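# Structural description and commentary
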Amino acid sequence: MLTSKSPKSGSQTPLWSLPLARARDLNGAVGMEDPDGICVSIAQFIEQLQANICTSAEKEVAAKNLLDLVKSSKDARLAIGSHSQAIPLLVALLRSGTITAKINAALTLGFLCKEEDLRVKVLLGGCIPSLLALLRSGTAEAQKAAAKAIFAVSHGGVADHVGMKIFVTEGVVPSLWDQLHPKGKQEKLVDDLLTGALKNLCTNTEGFWQATLEAGGIDILVKLISSGSTAAQSNASSLLASLMLASEASCTKVLNAGAVRYLLKLLGPANEVSVRSEAAGALEVLSSKLISAKKAIVDEGGIPILISSVVAPSKEFMQGLPAQALQEHAMGALVNISGGMSAIVLSLGESIESFRSDIQVADIIGVLAYALMVFNENSYTAGSLDVLKIEGLLVRQLKPHSSQLVQERAIEALASLYGNAHLSIGLLHAEAKRMLVGLVTMASCEIQEELMHLLRNLCSVNSDLWQSFEGREGIQLLISFLGISTEQQQEHAVALLSILSVEVDDSKWAITAAGGIPPLVQLLESGSWKAKEDAALLLGNLCSHSEEIRACVQSADAVPALLWLLRNAGPKGQEVAAKALKHLIRDADAAIVNQLVALLWGNKPNSKVHVIMLLGCLLSVASHEELIQKEGAANKGLQSLIQMLGSSEEETQENAASVLADVFGVRKDICENIGRLEIINPLIKLLNIGTEPIAMQSARALAALFSSTETNKDVVYTTSGAVKPLIELGKSPSISAAEMAINALANLLSDAQIAEQAFEEDIIPSLTKVLRDGTKGGKGHAAGALARLLSHMPVDDVLVERLHHCGTVVALVAFLASTDLDNVTSSDALEALAILARVKQGGGPAIPTWAVLAELPNSLEPLVKCLAIGLPPVQEKAIEVLWRLCRDQSIVLGDLVVEMPRCIVALANRVIYSSTLEVKVGGTALLICAAKEHKKIALDTLNESGLFAQLIHSLVRMMKHAMKMKDLTVDKFEEVQGRTNQGGHFQERETFTEHDSASVLGGTVALWLLSIIASFNSESKVAIMEAGAMEVLIQKLANFSSSAHQIETEDGGGTWVFCCSSIG
């Protein structure tokens, strides 16, 4: 133990007796047991530095002792750092101690900087001026110590904002450049450390590059690159690259200083990889800034050097980040010189066959392999890269006469090409080629040539996958890899077989016939995870092809292996296992269902998604008895799915609801027997508390349930709680969510109570949104829901205003236009429109709903089309809507009817054969619209149809029926007569449905159409007379003769007189 002498006038006191209390405090501060007495020793040494009684020599010894401790012990460094006086004392010693003490203090401070917290303390302790002074002192040891400390304290990086301010304030950067100036002579270690410190400081020091340029930093760096040590060359190259990135103006100075030649020299194999990578980085930056720099690199023979640098890591067996950086920077320089990645790839490919030396060819292909590997979406330049050409050039190197070295490099390049997602997308069978290349690289020599032959076949122009593998022979070769081979070979072989099974049907039987199923099942049990997944995928493809192959897979005991994979694999493995089992299992085997239920409730797998999906598939094919039998496996499975709705995992809830929806959708036979409350209540609960995706699937399950049950009091009672949340879901911005909600509500609205509740909850906007933006099926459900709602609700002014505001009628007609009505006997959209058309206008301000169509003539075409292509029930619904538009859109209607000749025939048929008087009246009115503007076409069409005579008789019967109306009055007739004028136009006043009955209007429109027919030709007049029209007209005239003065009209004779004169 060191002691310190007191002054000669006093007695000597052992030094260890002075700092014991402080040593104990220090020991507690750093949390050490201090079995070696480090803390005590440090406290004593620090006390020596602090004591005025110690001589300079003793302080030198104390500083040396501290240095020895911090060199080897992190605990010692932490202990010194925790002492409040340690760093200030060391800085003071650095400032005013002897040269030896200064050196020891500087080195100690440098070692302390290994701990980031202590580095900050050292920096804040004011050490920088003293270190710079020590650096300038001239002695070699002092310079090295100061350089080491400066390098260590500069390690803060970008985040050290306080430290950077200190370095700027103390003028560290100019001082370091001055020290590196060639006029100064110092050891190379000092250059290494100072350039390292500058490299540390360059990232975030304010004014760094300006100070560098002013200090002649470029010349200094180029000098160091040309003749410095390894570390100095590496640091100088890095600084040059950073300088050129920060200041483009410096690039020309760097080029003029002759840096290109020295940097290219540093790329030689004699240099360390760190130096080579930094030099390549500087060349990459320089070539990206100046065209003249590119020329200089080429003139200095840089292209071959850069090519050698790209392939150096593989040829010289380099590893680590510096090797990667060397490849990256050298490739970057080549790309800059060539004008882009696409250009260099094409240039390399085309130059392959221009070299005779195998080594040169191999190097070119090696660079091409790297370029193809790193090629990305940003690499494309003007003109597209012809990947087929590159592939062809590489495949040509696989010919038997090529050297093994060249073939190996070509295989590497092809692996890069097929493994690059941006390039392989333009190649046929890229994934199969990638797997085949992988097999080639791993195969033994005797099999390798056979595989390369298959690869050459596959890469030929317009190659067929099956033919390229030479059919069953290729299959047998691939199956041979499934047995005793490496895991990687198994993975590539089974992946290739899987690709073949997807793209070539013949391969499935070939795999089966070649004995491929047993080794595939074996892979499920013993292969790598990747091989297991591909084997499961392949087995699923085989099972889906034919029942015979499925039976072969089942007989190979694949089910237990796939269930094991389902339980233990990752997400992808679970997915492919579940899909394979779905294709493999054809019935709801009780043992398998029980195993799936066990997986559902077990710890594995963590995600139950695929187990739920598979269980749902089995339940879909289970017998009715199995599903409803209590304690049966299928029933337990169904109950388990229902219980999963209450899971704490949202994913499980969503998938359980989705699968139940699928099951109920295909098994409508079980919906009456499962207990509605048991399933509906959990689904309603999810509607209220679940996320939107969960609510969507719950709504889908409810829709499946509601569509398969008869609406009755039980359903109303059970489902009333679902209406409000379903309507809220229908208001979602997501059209998918709204559609599912409306699907669920569609059948429920058959009940009057639920319909009333739905209207109160404002269902109309949601219905309209789905009608307008939903899928075809969703629009159909929305139209059905609206039709059922209208059938139960009083269509009053409030409802009509809501429909107007939402644009519901227009959306209905637009949906109708997209509907295929061939051979359809009913249409919910037409039914809804017909309901609205029958409504009489109330006393409020609302416009009749059907009147919206009169304002949109283009919306009439879908309705007229219903007349042309629909079956009679559809035609009659369309007539109910259209005839009410005859007043406002008679010309448009007439044009549309005539444009579709089948409409005229259809209208005549409905007038003749319909059992509904309103349809007869409407059909007649529409025929009037057609004949009014296109008389000849309309009547010619009727004449050619063979229905002319029958139509006339039907019209006469309509007139006779009207005469039998006991309540017919002159006032009523005047009201009807006011609808026409001499030109045959319907006038304003009231619409047909407001007060007039179809019976009263029937006589009027029939008489009007007869008058048009009578003016057609003499044969039509005869037909009208033979039908007994004259008798009816005479009787009508007699009935009204007493009130003739009340029925005079603007045409001076009216329809009756016109008709009589036409017949006469």
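Residues numbered from 1 in each chain as written. Predicted model: local features only at pLDDT ≥ 70, side-chain atom pairs only at ≥ 80, totals over all residues. Heavy atoms only, no water.

Attention shifts here to the overall build of the protein. Across its full length, the protein holds 65 helices and 0 strands. Put simply, the protein has 1064 residues, and 54% of those count as buried. For the protein, long-range pairs separated by at least 24 residues make up 71% of all intrachain contacts whose partners lie at least 6 apart in sequence. When the accessible surface of the protein is split by element, carbon and sulfur atoms take 52% of a total near 45500 Å². (Helix = DSSP H or I, 4+ residues; strand = E, 2+ residues; numbered from the N terminus. Buried < 20%, exposed > 50% of the residue type's maximum accessible area, 1.4 Å probe, protein only. Contact = heavy atoms within 4.5 Å. Areas by Shrake-Rupley, 256 points an atom, 1.4 Å probe, with all protein chains shown as cover.)

A surface patch of like charges, here negative, comprises D587, D589, E625 and E626. Along the chain, D587 falls in the loop between α37 (571-584) and α38 (590-601). (Patch = residues over 30% accessible without salt bridge, like charges linked within 9 Å, V, L, I, M, F, W, Y side chains within 5 Å. Salt bridge = Lys/Arg side-chain N within 4 Å of Asp/Glu carboxyl O. Lys, Arg positive; Asp, Glu negative; His and termini not counted. Charge placed at Lys NZ, Arg CZ, Asp CG, Glu CD.)

Residues K604 and P605 are joined by a peptide bond in cis, for which omega reads -5°. Here P605 lies in the loop between α38 and α39 (609-621). Phi at E470 is positive, roughly 55°, even though this residue is not glycine. Mapped onto the elements of the fold, E470 is located in the loop between α29 (465-468) and α30 (472-480). What makes E470 partly exposed here is its relative accessible area of 35%. Unlike most non-glycine residues, D557 shows phi in positive territory, near 60°. Position of D557 among the secondary structure elements: in the loop between α35 (547-555) and α36 (558-568).

This structure, assessed with the given rule, holds 31 salt bridges. In this structure, E141 and K144 form a salt bridge, with 3.1 Å as the shortest nitrogen-oxygen distance. Of this pair, E141 and K144 both sit in helix α9 (residues 140-153), separated by 3 residues, roughly a single helical turn. On the basis of relative accessible area, E141 is assigned to the partly exposed category, the value being 47%. The buried category is assigned to K144, whose relative accessible area is 15%. One salt bridge in this structure joins K295 and D299, with 2.8 Å as the shortest N-O distance. On the criterion of helical spacing, the pair formed by K295 and D299 is a turn pair, its members being 4 residues apart in helix α19 (residues 291-299). In terms of burial, K295 and D299 fall into one category: exposed. Salt bridges sharing partners connect three or more residues here, namely E141, K144 and E187.

Let us look at the side chain of R77. Within the secondary structure layout, R77 lies in helix α4 (residues 74-82). There is a polar contact of 2.8 Å between the side chain of R77 and the backbone oxygen of V70. Of note is the side chain of R77, whose polar atom sits 3.1 Å from the side chain of E115. (Polar contact = N/O pair within 3.5 Å; in protein donor to acceptor, adjacent residues only side chain to side chain.)

Tracing the chain through its elements places V597 in helix α38. Owing to a relative accessible area of 13%, V597 belongs among the buried residues under this scheme.

As a further point, take the packing of helix α31 (residues 487-503) against helix α34 (residues 529-545). At a minimum axis separation of 9 Å, α31 and α34 run at an interaxial angle of 25°. By the angle class used here, α31 and α34 are roughly parallel. Here the hand of the crossing between α31 and α34 comes out left-handed. From α31, E491, V494, A495, L497, S498, S501 and V502 reach across to α34, where they touch K530, A531, D534, A535, L537, L538 and N541. (Axes fitted to C-alpha atoms, helices over the stretch in contact; angles between N-to-C directions. Parallel < 35°, antiparallel > 145°, perpendicular 65-115°, else oblique. Left-handed = near helix turned anticlockwise from the far one by under 90°.)

The predicted coordinates of low-pLDDT regions are not to be read in fine detail. Overall, the predicted model of the protein reaches an average pLDDT of 83, with 86% of residues at or above 70. Long-range and interchain partners of residues 1-32, a stretch whose pLDDT sits below 50, account for 51 contacts in this model, where long-range means more than four residues apart. Contacts for the low-pLDDT stretch residues 966-996, under 50 throughout, to residues beyond four places or in other chains number 71 contacts. (pLDDT = per-residue confidence, 0-100.)

A separate point is the packing of aromatic side chains. The final tally for this structure, using the stated rule, is 2 aromatic pairs. Between F208 and W209, the ring centres sit 4.7 Å apart and the planes meet at 85°, which makes this aromatic pair edge-to-face. Residue W209 is classed as buried on the basis of its relative accessible area of 17%. Centre to centre, the rings of W529 and W564 are 5.8 Å apart; their planes meet at 10°, and the pair counts as stacked. In this pair, W529 sits in helix α34 while W564 sits in helix α36, placing the two residues 35 residues apart along the sequence. (Phe/Tyr/Trp six-rings, centres within 6.5 Å; stacked < 30°, edge-to-face > 60°.)

Below, the discussion takes up the environment of V723. Its place among the elements puts V723 in helix α45 (residues 713-730). Separated by 34 residues in the primary sequence, V723 and Q757 place their C-alpha atoms 7.5 Å from one another. Setting aside chain neighbours within four positions, we find V723 in contact with L745, I754, Q757 and A758.

Under the 1.5 Å per step criterion, the end-to-end length of helix α25 (residues 404-419) is 22 Å for 16 residues, consistent within 8% with the ideal 22 Å. Restricting attention to buried positions, one finds in α25 the residues V406, Q407, R409, A410, I411, A413, L414, S416, L417 and Y418. If you follow the buried residues of α25, they end up packed against α20 (302-315), α23 (358-374), α24 (387-395), α26 (421-424), α27 (430-442) and α28 (445-458). (Expected span 1.5 Å × (residues − 1).)

In terms of residue burial, helix α55 (residues 872-882) counts as a mostly covered element, since 8 of its 11 residues are buried. Those residues of α55 lying buried are V874, Q875, E876, A878, I879, E880, V881 and L882. The inward-facing, buried residues of α55 contact α52 (828-838), α53 (851-854), α54 (860-869), α56 (890-899), α57 (901-913) and α58 (917-933).

For the rest of this paragraph, the subject is the side chain of E115. Along the polypeptide, E115 turns up in the loop between α6 (99-112) and α7 (116-124). If near-sequence neighbours (up to four positions away) are discounted, E115 is found in contact with K74, R77 and L78.

Turning next to a nonpolar patch on the surface. A cluster of nonpolar residues, V120, L124 and V162, forms a patch on the protein surface that exposes about 260 Å² of accessible area. For V120, the position within the fold is in helix α7. Residue class for V120 comes out partly exposed when judged on its relative accessible area of 32%.

Moving on: the environment of Q488. Position of Q488 among the secondary structure elements: in helix α31. Taking the C-alpha atoms as reference points, Q488 and S528, 40 residues apart in sequence, are found 8.5 Å from one another.

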